[in-house]
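Structural features, examined
Next come the chains, spelled out residue by residue.
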Protein chains: 2
Amino acid sequence: MRIDDLINHTSEWLKGSGPYSNIVISSRVRLARNLNSIPFPHRLNKKQGQEVIDAVRTAVEKVDFLKGSLFIDMQQLDALDKQFLIERHLMSYEHARPDNYRALVLEKSEIISIMINEEDHLRIQVMQSGFSLFEAWSIMNRIDDVLSEHLDFAFLSEWGYLTSCPTNTGTGLRGSVMLHLPALVMSRQINRVLSAIAKLSFTTRGLYGEGTEASGNFFQVSNQVALGHKEEEIISNINALIKQVIEQEEQMRQHLFTHQRAILEDKIWRSFGILKSAFIISSQETIDLLSMLRLGVDLDIIKDIDRSTINRLFLITQPAHLQKIENKRLSSHERDVKRAEIIRKTLEKIS
Amino acid sequence: MRIDDLINHTSEWLKGSGPYSNIVISSRVRLARNLNSIPFPHRLNKKQGQEVIDAVRTAVEKVDFLKGSLFIDMQQLDALDKQFLIERHLMSYEHARPDNYRALVLEKSEIISIMINEEDHLRIQVMQSGFSLFEAWSIMNRIDDVLSEHLDFAFLSEWGYLTSCPTNTGTGLRGSVMLHLPALVMSRQINRVLSAIAKLSFTTRGLYGEGTEASGNFFQVSNQVALGHKEEEIISNINALIKQVIEQEEQMRQHLFTHQRAILEDKIWRSFGILKSAFIISSQETIDLLSMLRLGVDLDIIKDIDRSTINRLFLITQPAHLQKIENKRLSSHERDVKRAEIIRKTLEKIS
């Protein structure tokens, strides 16, 4: 498998399947682990950095369900490939920085990825489509168990797993869920919901993680604290919170559908009309309009598109994906033109 | 003929025909006349007001080419009918005011209309599609001649025709041309052009005359002074000015078509897409979007719609027209929904 082969692959989080996939895009579990007796990544020298990479590689090769994974030395990747992997949610912006002997393990279904020498020696990610935190956690648990057999993780019985940043110490666990909340946004209930989430010590971020703005009505909710709770408890807590948010979004969708049908249909069909007609379109506007299109499909107002087509459009209209598809560098304007063309061609058969 | 019969009639100015009809919607000539020995309209008593109406009616009935005209007592009209006539450019907002014994003569092709007791005893209007000021003037000249045989117009050899407002004194003549200047607006050249027009003592107004904002890239240009020039000179001057504006708009369209094709097509097709998809649309947005659609047709980018279809949409989506078509009062929201429906149905066959 090469990175370019991913272009035609449907990322796990884009499948548009799984429980509550009308509201939940994907569920993600992340585990931070560090190797004993080696400094944290920001203090690594070259030899130690390589040592971490080699140790993880050797361990990964022994894990059955990681067979066939791509093992990527980040220094071998150009900026476009890095951006491409970020767009697919397979690694963080942080991991694209040129320093620190970074590597990436990419399991072929794109469910599992491991960043090596990001903020911690290992940042393991498990992604599942829809509202499937427990499934993601159960996969993660197996990975952790198997890797523990081959790697000596830094662990203190008093503190739990040690991490670069104290907020991760303990379990090293973060669960997060990507939600699509257009009805809460349209009805201006979203700020009330977000501030309730914040009070319960969860954080909300945009489509592309830490520091990114919420856009296109997408919100990523995750736990803030990894210490003082068992792993199952952390997952249960966020699971319970998300259930409430889903319920509120569902109620608001029903409310809008019943009481503001015309306004809703207008927004949805206009978005469809613009997407079908535009000759120049930015990435941001695309996300906003596709968000409304997705709502139209979820509410059965638009019948001839499936969710995975929309999800795929979300991804292939991102800057690096566009350039990978075209197989050349594109200026911002060229991307806006190409993006519009791809969207028009995808939607032209649908009336 | 009744007012309601006009709904299915194509107003002269909507035909989309005539010289330079890609840029000029319509040419209009207006003549102000007053009857001798009767006070100007704002000082009329009831008896005198009726006297003016009766005198004009008797004169009009003797004019061959005004045969079959509608003679409307404004007091018999409800607000909706008045608004309907304003939307068709057959009378002014001013003339809809409830005071002053007003009447309206409406020639059946909608080329000629005469407001009685608006600002002057007679305000005669001749409308022609496209850039046809001289044709309009020649029709007007004949009307003026014939009416002069039957009516005693207030005239002083030193001043010419006397009018309520001194700006009209002399010839009482105003020529105006409704222009569609999207390329000058898009290229931000319009303010330069408008200020040049102002310096030459011409005025620019919006779609619905005095006091209305320019919208949808429509600009109505007319002469400001009626005194000190012969009628033919006034018409020639505005004709020459408009020719220059047409030339600038044409050059700018060519420039945009050659150098900013993608931006142009994007704007045009997006407008088309929104018009085909919207379920709620305001009158203002409709004008703006139809303006871009018209440009698309003018530039042969959109091939399956003709100009008269677009012009007809401009008119029938106006508030009073919508209510006449539905044959009932509609709230603002109901109009926005009905307007969107009419537009969708008109455009649905076009791809």
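Residue numbering note: each chain is counted from 1, following its sequence as written. Each chain takes a letter, starting from A, and each ligand takes a number, starting from 1, following the order in which they are written. Totals for whole chains, interfaces and linings use every residue, but because this is a predicted model, local features are given only for residues with pLDDT of at least 70 and side-chain atom pairs only at 80 or more, for both listing and counting. Side-chain metrics rest on all non-hydrogen atoms present in the structure, leaving aside hydrogens and water.

A few words now on the domain arrangement of chain A. All names here are of chain A. Domain extents, as shown, originate in an automatic or database domain assignment. Splitting chain A by domain gives domain 1 (3-252) and domain 2 (261-347). On a C-alpha basis, the centroid separation for the pair domain 1 and domain 2 is 26 Å. Reported buried area values correspond to the accessible surface (1.4 Å probe) lost by two parts on association, with both partners' losses combined. Contact with domain 2 buries area across many residues of domain 1, yet L14, L80 and M186 alone supply 26% of it, more than any other trio. A carboxyl oxygen of Asp or Glu within 4 Å of a side-chain nitrogen of Lys or Arg is what we treat as a salt bridge. With a shortest N-O distance of 2.2 Å, K324 and D81 are connected by a salt bridge. Under the rule applied, a polar contact is a pair of N or O atoms within 3.5 Å (in protein, one hydrogen donor and one hydrogen acceptor; residues adjacent in sequence only if both atoms are side-chain atoms). Linking domain 1 with domain 2 are 10 residue pairs in polar contact (both at pLDDT 80 or more).

With that out of the way, let us pick up the side chain of N223 of chain A. Segments assigned H or I by DSSP are reported as helices when at least four residues long, segments assigned E as strands when at least two residues long, and all are numbered from the N terminus. Inspection of the secondary structure puts N223 of chain A in strand β10 (residues 218-223). The contact definition used throughout considers only heavy atoms, calling two residues in contact when any of these lie within 4.5 Å. Those residues in contact with N223 of chain A, other than ones at most four positions away along the chain, are L173, R174, G175, S201, F202, I234 and I238 of chain A.

What we call a nonpolar core is a set of buried Ala, Val, Leu, Ile, Met, Phe, Trp, Tyr and Cys residues that are connected through their side-chain atoms within 4.5 Å. Throughout this description, buried means an accessible area under 20% of the type-specific maximum (1.4 Å probe, protein chains only), exposed means over 50%, and partly exposed covers the range between. Grouped together as the largest cluster of nonpolar side chains are 189 residues, with contacts concentrated most on L147 and L179 of chain A together with L147 and L179 of chain B. When near neighbours in sequence (up to four residues on either side) are disregarded, L179 of chain B contacts I23, V24, N217, F218, F219, V221, I242, V245 and I246 of chain B.

Quick look at the relation of the copies chain B and chain A now. When the copies are superposed, the least-squares fit takes in the C-alpha atoms of residues with a pLDDT of at least 70 in both. Overlaying chain B with chain A gives an RMSD of 0.1 Å, the required rotation being 180° about an axis along which the chain moves by 0.1 Å. Each copy turns onto its partner about a two-fold axis. For chain B, the residue whose C-alpha comes nearest the rotation axis is G273 of chain B, separated from it by 2.2 Å. Of the interface residues in chain B, 100% have counterparts in chain A that sit at the interface too, so the contact is made through matching surfaces.

This part takes up the interface of chain B and chain A. At the junction of the two partners, chain B supplies 14 residues and chain A supplies 14 residues. In total, chain B and chain A occlude about 1,300 Å² of area from one another, counting both sides; carbon and sulfur atoms represent 64% of this. In terms of surface lost to chain A, no three residues of chain B exceed R270, F279 and I280 of chain B, which account for 41% of the buried area on that side. Across the contact surface, chain B and chain A share two salt bridges. In this structure, the connection of chain B to chain A is made through 10 residue pairs in polar contact (both at pLDDT 80 or more). With nine residues, helix α7 (residues 261-277) of chain B is the largest single contributor of residues to the side of chain B that touches chain A. Residues that form the side of chain B that touches chain A fall into these classes: eight nonpolar, two polar and four charged. Gly is placed with the polar residues, together with every amino acid not listed as nonpolar (Ala, Val, Leu, Ile, Met, Phe, Trp, Tyr, Cys and Pro) or charged (Asp, Glu, Lys and Arg).

This part takes up the sheet that holds strand β3 (residues 103-106) of chain B. Residue and element names in this part refer to chain B. On the basis of which strands lie adjacent, the open sheet formed by eight strands has the order β2-β3-β4-β5-β1-β8-β10-β9 and antiparallel pairing. Of all strands in the sheet, those bounded by a partner on one side alone are β2 (70-73) and β9 (202-205). The sheet shows a mean angle of 20° between the axes of neighbouring strands, taken without regard to direction. A pair of strands is labelled paired if DSSP reports no fewer than 2 bridges between them. Strand direction decides the pairing type here: strand β1 (residues 24-33) and strand β8 (residues 173-180), joined by seven bridges, are antiparallel. Counted as the bridge partner of V24 is L179 from β8. Here an axis means a line fitted to C-alpha atoms, over the contact stretch when the element is a helix, while the angle between two N-to-C directions is reported on a 0 to 180 degree scale.

Time to look at the packing of aromatic side chains. Residue and element names in this part refer to chain A. Any Phe, Tyr or Trp ring, taking Trp's six-membered ring, that has another such ring centre within 6.5 Å forms a pair; planes under 30 degrees apart are called stacked, those over 60 apart edge-to-face, and the others tilted. Per the stated rule, a full pass over the model turns up 10 aromatic pairs over all chains. Each ring, one from Y20 and one from F131, has its centre 5.9 Å from the other, and the planes form 65°; the classification is edge-to-face. Residue Y20 is located in the segment before β1 (24-33), and its partner F131 is located in the loop between β5 (122-129) and α3 (133-150); the two are separated by 111 residues in the primary sequence. Residue class for Y20 comes out partly exposed when judged on its relative accessible area of 38%.

Quick look at the pattern of salt bridges now. In a structure, side chains of opposite charge can pair up when their charged atoms sit close to one another. Applying the stated criterion across every chain yields a total of 46 salt bridges over all chains. Where D144 of chain A meets R33 of chain A, a salt bridge forms, and the shortest distance between an N and an O atom there is 3.0 Å. One end of the pair, D144 of chain A, is in helix α3; the other, R33 of chain A, is in strand β1, and 111 residues separate them in sequence. Residue R33 of chain A is classed as buried on the basis of its relative accessible area, which comes to 0%. A salt bridge links R253 of chain B to D298 of chain B, with the shortest nitrogen-to-oxygen separation between them at 3.5 Å. With a gap of 45 residues between them, R253 of chain B in helix α6 (residues 231-259) and D298 of chain B in helix α8 (residues 283-298) connect regions that are remote in the sequence. For the residue pair R253 of chain B and D298 of chain B, the accessibility class agrees, reading buried in each case. Residues joined by salt bridges that share partners form a network here, namely E249, R253, R294, D298 and R307 of chain A.

Residues and elements named next belong to chain A. Here eight strands make up an open sheet; going across it, the order is β2-β3-β4-β5-β1-β8-β10-β9 and the pairing antiparallel. The outermost strands of the open sheet, each flanked by one partner alone, are β2 (70-73) and β9 (202-205). Ignoring which end each strand starts from, the neighbouring axes of this sheet average 20° apart. In this sheet, β5 lies alongside strand β4 (residues 112-116) in antiparallel orientation, the contact comprising five bridges. The residue bridging I114 from the neighbouring strand is I124, located in β5.

On to the pairing of β2 of chain B, then. Residue and element names in this part refer to chain B. Residues L70 and I72 point to one face of β2 and are all buried, whereas F71 and D73, pointing to the other face, are not buried. Direction of pairing for β2 relative to β3: antiparallel, over a ladder of four bridges. Counterpart to L70 in the pairing with β3 is L106.

Residue and element names in this part refer to chain A. Along strand β3 (residues 103-106), one buried face is formed by A103 and V105 and the opposite face, lined by L104 and L106, is buried too. As defined by bridge partners, β3 adjoins β4 across four bridges and the pair is classed as antiparallel. When the bridges of β4 are listed, L106 appears paired with S113. Between β3 and β4, which pair antiparallel in sequence order, lie five residues; one of them, E110, sits at a positive phi of approximately 70°.

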